[in-house]
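Each chain, written out:
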Amino acid sequence: MQMRLDGNAPIDTIISALIVCITISIATILKRMYEIFLDINVRAKWVEKQDPPEIFENIDLEYIVRGVVSKSGIEKAIDFTFKKYSPSVIILQRSGIKL
């Protein structure tokens, strides 16, 4: 996550909430699928529009899952997260942000 040295801007808080929401959703889904994971790390890089208001243009997400987890299990958990279980993802997608 790209954080500013002088404190978090409101837009950073939105990214933090998105990452937490996605991580909780993926972890919950993997547990229900009986996938064994040790750690989930979601990283985000984003581009803001140049003209005010400086809102997100797109957000690129990277998922790092440690444990004995099948690739298909991770893909399903991410897919369910994006389509049904993460309100943060759905809100940002509906506002036109590419995730």
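Computed from a predicted structure; not experimentally measured.

Caption draft 1: Quick peek at the confidence of the model for the protein. The pLDDT averaged across the protein works out to 89; a share of 93% of its residues lies at or above 70. Helix α3 (residues 87–94) is the least confidently modelled element of the protein, averaging 89 in pLDDT, while helix α2 (residues 71–85) averages 94, the highest of any element.

Caption draft 2: Quick look at unusual backbone geometry. With a phi close to 60°, Tyr34 is a non-glycine residue in the positive phi region. Structurally, Tyr34 is set in the loop between α1 (10–32) and β1 (36–48).

Caption draft 3: Structural detail: the pattern of salt bridges. Inspection of every chain in the model, using the stated rule, returns two salt bridges. A salt bridge links Asp39 to Arg66, with the shortest nitrogen-to-oxygen separation between them at 3.9 Å. Here the residue Asp39 occupies a position in strand β1, and Arg66 occupies one in strand β2 (residues 56–68), the gap between them amounting to 27 residues. Owing to a relative accessible area of 32%, Asp39 belongs among the partly exposed residues under this scheme. Taking the relative accessible area as the measure of exposure, Arg66 reaches 47% and is therefore partly exposed. Residue Asp79 pairs with Lys83 through a salt bridge whose shortest N-O separation is 3.3 Å. Of this pair, Asp79 and Lys83 are both found in helix α2, four residues apart, which corresponds to roughly one turn of the helix. Taking the relative accessible area as the measure of exposure, Lys83 reaches 63% and is therefore exposed.

Caption draft 4: Spotlight on the packing of aromatic side chains. Applying the stated rule across the entire model yields two aromatic pairs. Between Trp46 and Phe56 the ring centres are 6.4 Å apart and the planes differ by 90°, which places this aromatic pair in the edge-to-face class. A residue pair is termed long-range when its members are at least 10 positions apart, and Trp46 in strand β1 and Phe56 in strand β2 qualify at ten residues. Judged by centre distance (6.4 Å) and plane angle (80°), the ring pair of Phe80 and Tyr85 falls under edge-to-face.

So, how was this worked out
Residues numbered from 1 in each chain as written. Predicted model: local features only at pLDDT ≥ 70, side-chain atom pairs only at ≥ 80, totals over all residues. Heavy atoms only, no water. pLDDT = per-residue confidence, 0-100. Helix = DSSP H or I, 4+ residues; strand = E, 2+ residues; numbered from the N terminus. Salt bridge = Lys/Arg side-chain N within 4 Å of Asp/Glu carboxyl O. Buried < 20%, exposed > 50% of the residue type's maximum accessible area, 1.4 Å probe, protein only. Phe/Tyr/Trp six-rings, centres within 6.5 Å; stacked < 30°, edge-to-face > 60°.

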